[in-house]
Amino acid sequence: YTPLLIAMKFKKVKAAQFLLKKGATFITIRKGSYYYSRKYYKYNHHFYAVSSKSLSLLKASCANIKIRNKEILNQLFISAAKQNSVQLMDYLLKLGADINTNVGTYNKNTAMHIAAKRGYIKMLAFLASKGAQLEKKNRNGRSPLLLSLMNHQGRTKSFFQLLKLGANMHTTDNYGSGILQYAV
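Residues numbered from 1 in each chain as written. Predicted model: local features only at pLDDT ≥ 70, side-chain atom pairs only at ≥ 80, totals over all residues. Heavy atoms only, no water.

A.B. asks: I tried to follow the overall build of the protein on my own but got confused; where do I start?
C.D. replies: From N to C terminus, the protein includes ten helices and four strands. Looking at the 184 residues of the protein, the share that counts as buried comes to 48%. Taking the contacts inside the protein whose residues are at least 6 apart along the sequence as the reference set, 62% of them involve residues at least 24 apart. For the protein, the accessible surface area stands at approximately 9800 Å², while carbon and sulfur atoms represent 53% of it. (Helix = DSSP H or I, 4+ residues; strand = E, 2+ residues; numbered from the N terminus. Buried < 20%, exposed > 50% of the residue type's maximum accessible area, 1.4 Å probe, protein only. Contact = heavy atoms within 4.5 Å. Areas by Shrake-Rupley, 256 points an atom, 1.4 Å probe, with all protein chains shown as cover.)

Here it is in structure tokens:
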């Protein structure tokens, strides 16, 4: 771990700000097949999120940090999606993050899957405008449209937004279940 990683892990924003001003980086330390980065650090295939306040700090200081590792950018992008931070996602895309990445999610969900499942309507429109794949399937073969039906809060809004954006209504998952099975 680097001091900056530890500060962000424990949500010590003032310490992280101080370290960033002194030129510290959050770039990963490679150990075996595991990355210890901070926005997410991966250990035994589990990812732990940093607070949205730490994400804001990271965004504010990204101008001073040159991120060369695409995997870190992609992990940050997925984390921003989980926090519903469209502004940060846009910034990370400008830095070179992959809009269709599924790094750091157990089910191989992309940002589009996350937005659909959680009912983030504005994020769905943003991702589609930036060229995200509407039909990309996750580990279980579920498209964002199918995941939108699994969300009980904003499922109709997400579902209809995805249809409006051009999602395929006839999609099925790895088990042969389609829209009708998920809607019930």
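Having seen it, we continue.
A.B. asks: I tried to follow the packing of helix 6 (residues 111–118) against helix 7 (residues 121–129) on my own but got confused; where do I start?
C.D. replies: A packed helix pair is summarised by two numbers, namely the angle formed by the two axes and the spacing between the axes. It is the contact of helix 6 with helix 7, at a shortest axis distance of 9 Å, that shows an interaxial angle of 155°. It follows that helix 6 is roughly antiparallel to helix 7 by the angle criterion. The two elements helix 6 and helix 7 meet at a crossing, and its hand is left-handed. Contact with helix 6, carried on its side by A111, M112, A115 and A116, involves M123, L124, L127 and A128 of helix 7 and no other residues of that element. For the contact of helix 6 with helix 7, the per-class residue count stands at eight nonpolar, no polar and no charged. (Axes fitted to C-alpha atoms, helices over the stretch in contact; angles between N-to-C directions. Parallel < 35°, antiparallel > 145°, perpendicular 65-115°, else oblique. Left-handed = near helix turned anticlockwise from the far one by under 90°. Nonpolar A, V, L, I, M, F, W, Y, C, P; charged D, E, K, R; others polar.)

A.B. asks: Mind showing me how you'd approach the pattern of salt bridges here?
C.D. replies: Proximity of charged atoms lets side chains of opposite charge pair with each other. Counting across every chain of the model gives three salt bridges. In this structure, the salt-bridge partner of D90 is K94, at a minimum N-O distance of 3.6 Å. In this pair, D90 and K94 both sit in helix 5 (residues 86–95), four residues apart, roughly one turn of the helix. Assessed through its relative accessible area of 21%, D90 is described here as partly exposed. The salt bridge partner of D90 is K130, with a shortest N-O separation of 3.4 Å. Separated by 40 residues along the polypeptide, D90 in helix 5 and K130 in the loop between helix 7 and helix 8 (144–150) bring together distant segments of the chain. (Salt bridge = Lys/Arg side-chain N within 4 Å of Asp/Glu carboxyl O.)

A.B. asks: For this particular structure, what's the right way to read the side chain of T110?
C.D. replies: Within the secondary structure, T110 is located in the loop between helix 5 and helix 6. On the basis of relative accessibility, which here comes to 2%, the residue T110 falls in the buried class.

A.B. asks: How do you make sense of the nonpolar core when you look at a structure like this?
C.D. replies: Across soluble globular proteins, you tend to see nonpolar side chains buried next to one another. Ranked by internal contacts, the top residues of the largest apolar core, which has 33 residues, are F77, M89, L92, M112, M123, L127 and L162. Mapped by element, the contributors of at least two residues to this core are helix 4 (70–82), helix 5, helix 6, helix 7, helix 8, helix 9 (155–165) and helix 10 (179–183). The greatest single-element share of this core, amounting to seven residues, is contributed by helix 4. Excluding its chain neighbours within four sequence positions, the residues that come into contact with F77 are M89, L92, L93, A97, D98, I99, T101, A111 and L127. (Core = buried A, V, L, I, M, F, W, Y, C linked by side-chain atoms within 4.5 Å.)

A.B. asks: What am I meant to see in the packing of aromatic side chains here?
C.D. replies: The geometry of two aromatic rings is summed up by the distance between their centres and the angle between their planes. Applying the stated criterion across every chain, the model contains one aromatic pair. Aromatic side chains F159 and F160 sit 5.3 Å apart centroid to centroid with 75° between the ring planes, which places their arrangement in the edge-to-face category. Taking the relative accessible area as the measure of exposure, F160 reaches 53% and is therefore exposed. (Phe/Tyr/Trp six-rings, centres within 6.5 Å; stacked < 30°, edge-to-face > 60°.)

A.B. asks: Teacher, can you tell me more about the side chain of N140 here?
C.D. replies: If you trace the backbone, N140 turns up in the loop between helix 7 and helix 8. Its relative accessible area of 14% is what places N140 among the buried residues. When sequence neighbours within four positions are dropped, the list of residues in contact with N140 reads N107, D173, N174 and Y175.

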